[in-house]
Amino acid sequence: AQKVTQAQTEISVVEKEDVTLDCVYETRDTTYYLFWYKQPPSGELVFLIRRNSFDEQNEISGRYSWNFQKSTSSFNFTITASQVVDSAVYFCALSEAGYGQNFVFGPGTRLSVLP
Amino acid sequence: GAGVSQSPSNKVTEKGKDVELRCDPISGHTALYWYRQRLGQGLEFLIYFQGNSAPDKSGLPSDRFSAERTGESVSTLTIQRTQQEDSAVYLCASSSGVLVTDTQYFGPGTRLTVL
């Protein structure tokens, strides 16, 4: 069975601080995909990144970076120099199979960036 | 609009009543998903449509839940004899294909409150 854990329920930081959101996953498959989505107050989930299990290279996109470590089954997300607009709920998700309906989402981490 | 739209944005109903939630996917997207998001939790997969194929209903929690989709257009999620535990945000997503690598685009959701 697949499972995603986001141990941090809520995080508050002051603008310009760096913040890391943790994601730990469980799966028995060797082929799987990991995702991060952002859910701002408007409610619509916004896709941030997809990573397959064969690609452990870390990725940086502007102020966002992702650290994928298969050895610890973690896929952590770091926001550098946080901004108020980063305030949202962030979801980590896992899909074992190749089809879109097999997503398992974590419970989410609510990030509040204070001015 | 260019994105996924859902209506109504909010629905308050009394226990035992039936409700219908609507989703308009992005034009041309063949795949459509319904999810349920309970307060403070991640998304739960409910049902998935792909073109004219039989839908994947494996996530529907009970026979009170049903959904329809006509071709590759609008979908309606119906909850009969609503219960208080049905209170949640119902999210719809669409994608251009069925694979997990086909990004899902989410609507803003319908917040259902059952009194």
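These numbers were taken from a predicted model, which means no experiment stands behind them. (Residues numbered from 1 in each chain as written. Chains lettered and ligands numbered in written order. Predicted model: local features only at pLDDT ≥ 70, side-chain atom pairs only at ≥ 80, totals over all residues. Heavy atoms only, no water.)

**Student:** How should I be thinking about the state of the cysteines in this particular structure?
**Tutor:** Note on terminology: a disulfide is the covalent bond linking the sulfur atoms of two cysteines. A complete count under the given rule lists 2 disulfides over all chains for this structure. Across the disulfide from Cys23(A) sits Cys92(A); the S-S distance is 1.9 Å. Handedness here is read from the sign of the S-S torsion; for Cys23(A) and Cys92(A), about -65°, the answer is left-handed. Here Cys23(A) is found in the loop between strand E3 (19–21) and strand E4 (24–26), whereas its partner Cys92(A) is found in strand E10 (residues 88–95), with 69 residues between them in sequence. Like Cys92(A), Cys23(A) is buried. The disulfide partner of Cys23(B) is Cys92(B), and the S-S distance across this bridge is 1.8 Å. Linking Cys23(B) and Cys92(B), the disulfide has an S-S dihedral of approximately -65° and is accordingly described as left-handed. One end of the pair, Cys23(B), is in strand E3 (residues 19–24); the other, Cys92(B), is in strand E8 (residues 88–95), and 69 residues separate them in sequence. A relative accessible area of 0% means that Cys23(B) is categorised as buried. A relative accessible area of 0% places Cys92(B) in the buried class. (Disulfide = S-S within 2.5 Å. Helix = DSSP H or I, 4+ residues; strand = E, 2+ residues; numbered from the N terminus. Buried < 20%, exposed > 50% of the residue type's maximum accessible area, 1.4 Å probe, protein only.)

**Student:** Can you walk me through unusual backbone geometry in this structure?
**Tutor:** For residues that are not glycine, phi is negative in most cases, and the peptide bond is trans in most cases. For the bond from Ser7(B) to Pro8(B), the omega torsion is -10°, close enough to zero to count as cis. You can see Pro8(B) is positioned in the loop between strand E1 (5–7) and strand E2 (10–13). Even without glycine at this site, Lys16(A) takes up a positive phi of about 85°. Secondary-structure assignment places Lys16(A) in the loop between strand E2 (10–14) and E3. For Lys16(A), a relative accessible area of 68% gives the class exposed. Positive phi is not limited to glycine here, since Arg81(B) has a value of about 50°. Among the secondary structure elements, Arg81(B) is positioned in the loop between strand E7 (75–79) and E8. Judged by its relative accessible area of 41%, Arg81(B) is partly exposed.

**Student:** Would you take a moment to explain the sheet that holds E3(B) for this structure?
**Tutor:** Picture the strands of a sheet paired through backbone hydrogen bonds; they go either parallel or antiparallel. Residues and elements named next belong to chain B. Pairing is antiparallel across the open sheet formed by 4 strands, whose spatial order is E1-E3-E7-E6. Edge positions in the open sheet fall to E1 and strand E6 (65–69), since each of these has one partner strand only. The average undirected angle you get between the axes of adjacent strands in this sheet is 15°. (Pairing = 2+ DSSP bridges. Axes fitted to C-alpha atoms, helices over the stretch in contact; angles between N-to-C directions.)

**Student:** How do you make sense of the pattern of salt bridges when you look at a structure like this?
**Tutor:** Opposite charge on two side chains lets them pair, provided their charged atoms get close. Residue and element names in this part refer to chain A. Tallied over the full model, the rule gives 7 salt bridges over all chains. In this structure, the salt-bridge partner of Asp86 is Arg63, at a minimum N-O distance of 2.8 Å. One end of the pair, Asp86, is in the loop between strand E9 (74–79) and E10; the other, Arg63, is in the loop between strand E7 (59–61) and strand E8 (64–69), and 23 residues separate them in sequence. With relative accessibility at 25%, the residue Arg63 sits in the partly exposed group. Residues joined by salt bridges that share partners form a network here, namely Arg51, Asp55 and Glu59. (Salt bridge = Lys/Arg side-chain N within 4 Å of Asp/Glu carboxyl O.)

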